[in-house]
Amino acid sequence: MPCFCCLGMVSNWTKIPPPLFKKVVIVLIDALRDDFVFGSKGKQFMPYTTQVVEKGTSYSFIAEAKPPTVTMPRIKALMTGGIPGFIDVVVNLNSPALLEDNLIWQAKTAGKRIIFYGDDTWVKLFPKHFVEYDGTTSFFVSDFTEVDDNVTRHLDRVLKREDWDLLILHYLGLDHIGHMTGPNSPLVGPKLREMDNILKKIHISLLSKEETSLPNLLVVCGDHGMSETGSHGGSSEGEVHTPLLFISSAFEKRSAPLAQPELVQQTDLASTLAIGLGLPISRNSVGNLILPVVGGKTMREQLRFLHLNGFQLSRLLQENTPAYEKDPGYEHFKIAEKSHGNWIKLYLEGNNSEILLNLGKKVLKQYLEALKTLSSSLSKQVAQYDMYSMMVGTVIIMEVLLLLLLSVPKALSKRAEFEVPLSPPLFSLLFYLMCLMLCAVHVIVCTSAESLCYFCSMSWLTAVGVMMLISALMCGILSAIAKIFENSRLPLKNPIVSSSNWSEIDALILAGTLCHVLSLGASSFIEEEHQTWYFLINTLCLVLCQEQCRNNFLLKECDPQHSTSVRQNSDCIGETSESKNIDIPAASNSKLGRATSSSEFIKGSDKWLSVATPWIILICCRLLRSLNQTGVQWAHRPDFGHWLTSSEHKPELSFLAAVSLLMIFFLVQRRCSLVSKIAMALGLLGVYSYRAAIGNVIFPWQHGGKDISKGITEARFVYVFVLGIVFTGTKDLLKSQVISADSSTKSTGLWEVYSGLVLLAALLFRPHNLPVLVFCLLIQTMMTKYIWIPLKFDAAQITIMHYWFGQAFFYFQGNSNGIATVDISAGFVGLDSYVELPAIFLTAFTTYAGPLLWAIHLLCYLSSEVSRNSAAVGHGCFCYAVMRSIPVAVYVVLVTGLRYHLFIWSVFSPKLLYEGVHVFITAAVCLFFTAMDQNHSYKVQD
Ligand SMILES: [Zn+2]
Ligand SMILES: [Zn+2]
């Protein structure tokens, strides 16, 4: 248990005042947005609450939640008054018990009996605090009614009883409706009406119980709001603004309806409730007492409450800053305390009440000002960084990047060698010395650091392992550098003219990569990163168009000259030559590379089609772009996706989904075996019936009226086919490896794995996103047929193009660098209840479906190209890894530098999280690549 100092006890006005309320009921409605109560929706669907807000005995506020607007950190903020770190987003999935000082702990220690019903995050955070509880799991988002009925069924019984002091209810239904159908869905109204009836029931029951002693209090709040798409996690206005209502007969009746509720912080609730319940304010709370709630008390009491709050805040400041005495908040507080003392003196002398009241008001104002300044300076510096652990991580990442970059020439050579020289005997002494030195540094840092450090708290064995990794990587880098010097000292047989054979594509790729990496340093560029990628792929299309024209029209006349130039090029290629030319000799020398010049491939209409391809792709990109508005600045603009998902356009959506599924089938089936073709068709049919079952789309013969189910049977039906197709593909791959069959079996196998993934994506994507999948397949088909094969790009260039398109499709899907756009409903397709592992896997797959599908397509393409040299897959894998690690490494360094930036939690940290997950996925993809490549090299040896 944490140790709490007796806060407030040391103060001159000693004891904590008695409670102001007898029973307190907190109704937390998940994702309750401010306009659901104060806006037109509230007037329409929450008549009782609106009446209480406008004419009853209540105070209403808009509470501002700090990002990340995810449930668990918000519950923490509400109950501790502190500001939880960003890591809580990740921990949100599996919350450990809360050890920090909090309201619930204080209430339990004071002997209050607490009852809780609702989201089981609370039960995990406060495992032994409730005398009675019933938790419902929060992650099953397709359930709108059961989660709330589980809470409400206890209500009648509990309200009749007298044996509790604090009742907490957490309703999840509204949040789930938001995730599945958005804030404007027709389901929101009935849910708000249900909540209104519950509030009415509780309020009436509380009023009927009131005796002469103390009034009761009903608090209604939301943990966070929801964005225009119904999600949350980011910092848009809809997500951070939640209503906060205090309803009690202790308050004065409102005479005039309020204009606009005042804005307070969500953290203020903890301090206010602590005062209201007669408890010490939590130690780490940065909140301010909401004064109107205690407004009915005498001036003396009000001042005392404010002093308690100010005392607690200044204590917190003292603990956190050495120079606390110079803080303006602290100075204000000391002044207010002094005038408070004078006021008490006057009060005790029995002075004129008029003067006393005015003076009291002045002191009140001083206190409020001091509290505000104290809170703001506290919220600024509560974030403490574990610099040592961050440095260790950064060093490892930079070393890996450096090693990758140093091996570029070798890895892109004909033989695609990539080995980490980890055991060079020459450096063994250096290795041990470095280990020793790092361990010494570790001991010094960990014994001298006063704050909590993650890396120091790890076990010794792990720490030594990390030290050894760092030194080994360092030695690897050194030996790689040494090797490069050795090579350069050798006389070069053929001096390479490097700059002359750089094409426009190479220049674009280099400039694009550099610009993208540099743009990561600015918060607006991160918020609107999709614009960067859209611009890059559009430019790429234009350059491809130019290349295509040159290839088709200009080269025809000077054909012989071209082929000789190729031959000349191929003569002067050495081991360390430019990556660009590597595949060309292989192609032109091999038996399969029948044609020396690519223009022979293209005849008649095909020629015009191939010239038109870049333009068609540009049109596709424009259409996709208008499908999902993403980013921050323009996210609220109407887009085609919103239009489709609104309930009156269901027939259009159904038509589009059906056509898209049909198109997917035609684009995917051509390279599959017959069995997979049938499985694919049945699977896609299953996708449509799943969407029809959960009410997203309709069958033409059925016009509404059918009840909505969870579609579990339909979804599992599709899963069977996904597994079947992937299994067939894997079987083919194994066959091609073990029995060393021809490479066509292998490419069919790969394609089948790919089409299985496409089917899975079709199932998990929302119906309005199915065109993204269609265009993805269409662009891949066209690019393969008309651009990559005829223009003979090398593996590195093709890999980078795939990577760029993958990134763009990540945003075409509607993703952004904010947490709010993660579609967690995908994690529940075909599941009856929340199961952690599949839910995480499915959500991650849906989010990264774009980049993943492009990466697998790259593998399919590279290994099916028989004319390529055998190292193509190895080149692709290496380039893919380099392309991913450059932005990640640079971004980690940038974020470390920008850790005190104002937007660190709202912009930079979510992006870091996205990058981290993406790195894991890239690692998996590269592993798959390497496995496929291994097969190839065995075959070559045979
Ligand atoms: Zn929530
Ligand atoms: Zn939610």
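- With an unreviewed UniProt entry as reference, the protein is termed Phosphatidylinositol glycan anchor biosynthesis class G, source organism Zosterops lateralis melanops.
- Its UniProt record gives the protein the following Sequence similarities (unreviewed entry) comment, quoted word for word: "Belongs to the PIGG/PIGN/PIGO family. PIGG subfamily."
- Annotation of the protein in UniProt includes, under Subcellular location (unreviewed entry), the sentence "Endoplasmic reticulum membrane".

A short note on the coordination of the zinc ion (ligand 2)
Thinking step 1. Around the zinc ion (ligand 2), the donor atoms from the protein are Asp-175 (OD), Asp-175 (OD), His-179 (NE2) and His-232 (NE2), and they sit 1.9 to 2.4 Å away.
Thinking step 2. Metal-centred angles of 56 to 146° between the four donor atoms at the zinc ion (ligand 2) mark the site as irregular.
Thinking step 3. The motif formed by the donor residues of the zinc ion (ligand 2), counted along the single chain, is D-x3-H-x52-H.
Thinking step 4. Separating the zinc ion (ligand 2) from the zinc ion (ligand 1) is a gap of 4.5 Å. A residue pair is termed a helical-turn pair when its members lie 3 or 4 positions apart in one helix, as Asp-175 and His-179 do in helix 10 (residues 173-181) at four residues.
Thinking step 5. Take Asp-175: its relative accessible area is 5%, and that puts it in the buried class.

Overview of the side chain of Gln-813
Thinking step 1. Among the secondary structure elements, Gln-813 is positioned in the loop between helix 33 (795-812) and helix 34 (836-847).
Thinking step 2. Polar side-chain contacts of Gln-813 include one of 2.7 Å to the backbone oxygen of Thr-846.
Thinking step 3. For Gln-813, the side chain forms a polar contact with the main-chain nitrogen of Gly-850, separated by 3.0 Å.
Thinking step 4. Apart from residues lying up to four places away in sequence, Gln-813 is in contact with Asn-628, Phe-765, Asn-769, Val-772, Thr-846, Thr-847, Ala-849, Gly-850 and Pro-851.

Description of the coordination of the zinc ion (ligand 1)
Geometry reference: four tetrahedral donors at a metal, ideal angle 109.5 degrees. Six octahedral donors, ideal angles 90 or 180 degrees.
Thinking step 1. Binding of the zinc ion (ligand 1) to the protein goes through Asp-30 (OD), Asp-30 (OD), Thr-71 (OG1), Asp-223 (OD) and His-224 (NE2), at separations of 1.9 to 2.6 Å.
Thinking step 2. When the donor residues of the zinc ion (ligand 1) are listed from N- to C-terminus, their spacing reads D-x40-T-x151-D-H.

Observations regarding the nonpolar core
Thinking step 1. Of all hydrophobic cores here, the largest spans 107 residues; its most connected members are Ile-664, Trp-804 and Phe-805.
Thinking step 2. Examining the composition of this core, we find that 13 residues originate from one element, helix 32 (residues 770-791), more than from any other.
Thinking step 3. Every residue in contact with Trp-804, bar those within four places of it in the chain, is listed here: Leu-508, Ile-509, Gly-512, Thr-513, Trp-533, Leu-536, Ile-537, Leu-540 and Met-883.
Thinking step 4. One finds Met-72, Leu-244, Phe-311 and Leu-356 within the second-largest nonpolar core, a separate group that totals 67 residues.

What to know about the sheet that holds strand 2 (residues 58-64)
Thinking step 1. The strand order 4-3-5-1-6-7-2-8 describes an open sheet built from eight strands, whose pairing is mixed. Strands with a single pairing partner mark the edges of an open sheet, and in this sheet they are strand 4 (132-136) and strand 8 (262-265). Along the sheet, successive strands turn relative to each other by an average axial angle of 20°, direction set aside.
Thinking step 2. Both strand 2 and strand 8 contribute to a ladder of four bridges, which runs parallel. Bridge pairing in strand 8 places Ala-63 opposite Val-264.

Section: the pattern of salt bridges
Thinking step 1. The final tally for this structure, using the stated rule, is 21 salt bridges.
Thinking step 2. The partner of Glu-915 in a salt bridge is Lys-911, and the shortest N-O contact between them spans 2.7 Å. Note that Glu-915 and Lys-911 are positioned in helix 37 (residues 904-941) at a spacing of four residues, about one turn of the helix.
Thinking step 3. Its relative accessible area of 2% is what places Lys-911 among the buried residues.
Thinking step 4. Look at the salt bridges and you will find they share partners, linking Glu-132, Arg-157, Arg-161 and Asp-163 into a network.

A closer look at a nonpolar patch on the surface
Thinking step 1. A cluster of nonpolar side chains, namely Leu-674, Ile-678, Leu-682, Leu-685 and Phe-717, defines an oily patch on the protein surface of about 500 Å² accessible area.
Thinking step 2. Ranked by the residues each element gives to the nonpolar patch, the list is headed by helix 29 (residues 674-693), at four residues.
Thinking step 3. When you line up the elements, Ile-678 lands in helix 29.
Thinking step 4. What makes Ile-678 partly exposed here is its relative accessible area of 49%.

Examining the packing of aromatic side chains
Thinking step 1. As enumerated under the stated definition, the model contains 30 aromatic pairs in all.
Thinking step 2. When the ring of Phe-61 is compared with that of Phe-246, the centres are 6.0 Å apart and the planes differ by 80°; the resulting orientation is edge-to-face. Here the residue Phe-61 occupies a position in strand 2, and Phe-246 occupies one in strand 7 (residues 241-247), the gap between them amounting to 185 residues.
Thinking step 3. Since its relative accessible area comes to 3%, Phe-61 is described here as buried.
Thinking step 4. The exposure class of Phe-246 is buried, given its relative accessible area of 0%.

Comments concerning the UniProt feature "transmembrane region" (unreviewed entry) in the protein
Thinking step 1. Sequence positions flagged by UniProt for "transmembrane region" (unreviewed entry) are, in local numbering, residues 387-406, 426-445, 457-485, 680-699, 809-831, 837-856, 877-900 and 912-932.
Thinking step 2. Regarding residues 809-831, the helix share stands at 17% and the strand share at 0%, and the terminal C-alpha atoms are separated by 27 Å.
Thinking step 3. Taken as a whole, residues 837-856 contains 95% helix and 0% strand, while its terminal C-alpha atoms sit 23 Å from one another.

What to know about helix 3 (residues 47-55)
Thinking step 1. For helix 3, the full list of buried residues reads Tyr-48, Thr-49, Thr-50, Val-52 and Val-53.
Thinking step 2. Here the buried face of helix 3 lies against helix 1 (34-38), helix 2 (40-45), strand 2, helix 11 (188-209) and strand 7.

Here's the deal with the pairing of strand 2
Thinking step 1. Counting buried positions along strand 2 yields five of seven residues, so the element is predominantly enclosed.
Thinking step 2. In this structure, strand 2 lies alongside strand 7, joined through seven bridges in antiparallel fashion. Bridging across to strand 7, Ser-60 finds its partner in Leu-245.

Here we look at the packing of helix 21 (residues 504-519) against helix 23 (residues 529-554)
Thinking step 1. Axis separation between helix 21 and helix 23 bottoms out at 10 Å; the angle between their running directions is 175°. Classified by the angle their axes make, helix 21 and helix 23 are roughly antiparallel. Each of Glu-504, Ile-505, Leu-508, Gly-512 and His-516 in helix 21 lies in contact with helix 23, whose residues at this interface are Glu-529, Thr-532, Trp-533, Leu-536, Thr-539, Leu-540, Val-543, Leu-544, Gln-546, Glu-547 and Arg-550.
Thinking step 2. When grouped by side-chain class, the residues that make up the contact of helix 21 with helix 23 number seven nonpolar, five polar and four charged.

Regarding the packing of helix 21 against helix 36 (residues 872-897)
Thinking step 1. The geometry of helix 21 relative to helix 36 is characterised by a closest axis approach of 9 Å and an angle of 25° between their N-to-C directions. Classified by the angle between their axes, helix 21 and helix 36 sit roughly parallel to one another. Considering only the axes of helix 21 and helix 36, their crossing is right-handed. Taking contact as the criterion, the partners of Thr-513, His-516 and Val-517 in helix 21 are, on helix 36, Met-883, Ile-886, Pro-887, Val-890 and Leu-894.
Thinking step 2. Residues that form the contact of helix 21 with helix 36 fall into these classes: six nonpolar, two polar and no charged.

Digging into helix 33
Since there are 3.6 residues in each turn of an α-helix, residues three or four apart along the chain are aligned in direction.
Thinking step 1. A rise of 1.5 Å per residue sets the reference length of helix 33, with its 18 residues, at 26 Å; its end C-alpha atoms lie 25 Å apart and thus fit the reference within 8%.
Thinking step 2. In terms of residue burial, helix 33 counts as a mostly covered element, since 18 of its 18 residues are buried.
Thinking step 3. Here helix 33 starts with a cap whose side-chain oxygen sits 2.9 Å from the backbone nitrogen of Ala-796, and that cap is Asp-794.
Thinking step 4. Just past helix 33, the residue Gly-814 takes up positive phi, approximately 100°.

Thresholds applied
Residues numbered from 1 in each chain as written. Chains lettered and ligands numbered in written order. Predicted model: local features only at pLDDT ≥ 70, side-chain atom pairs only at ≥ 80, totals over all residues. Heavy atoms only, no water. UniProt positions renumbered as here; feature names shortened; annotations may be inferred. Donors = N, O, S within 2.8 Å, 3.2 Å for Na, K, Ca; no water. Tetrahedral: all angles 85-135°; square planar, octahedral: opposite > 155°, others 65-115°. Helix = DSSP H or I, 4+ residues; strand = E, 2+ residues; numbered from the N terminus. Buried < 20%, exposed > 50% of the residue type's maximum accessible area, 1.4 Å probe, protein only. Polar contact = N/O pair within 3.5 Å; in protein donor to acceptor, adjacent residues only side chain to side chain. Contact = heavy atoms within 4.5 Å. Core = buried A, V, L, I, M, F, W, Y, C linked by side-chain atoms within 4.5 Å. Pairing = 2+ DSSP bridges. Axes fitted to C-alpha atoms, helices over the stretch in contact; angles between N-to-C directions. Salt bridge = Lys/Arg side-chain N within 4 Å of Asp/Glu carboxyl O. Patch = residues over 30% accessible without salt bridge, like charges linked within 9 Å, V, L, I, M, F, W, Y side chains within 5 Å. Areas by Shrake-Rupley, 256 points an atom, 1.4 Å probe, with all protein chains shown as cover. Phe/Tyr/Trp six-rings, centres within 6.5 Å; stacked < 30°, edge-to-face > 60°. Parallel < 35°, antiparallel > 145°, perpendicular 65-115°, else oblique. Nonpolar A, V, L, I, M, F, W, Y, C, P; charged D, E, K, R; others polar. Left-handed = near helix turned anticlockwise from the far one by under 90°. Expected span 1.5 Å × (residues − 1).

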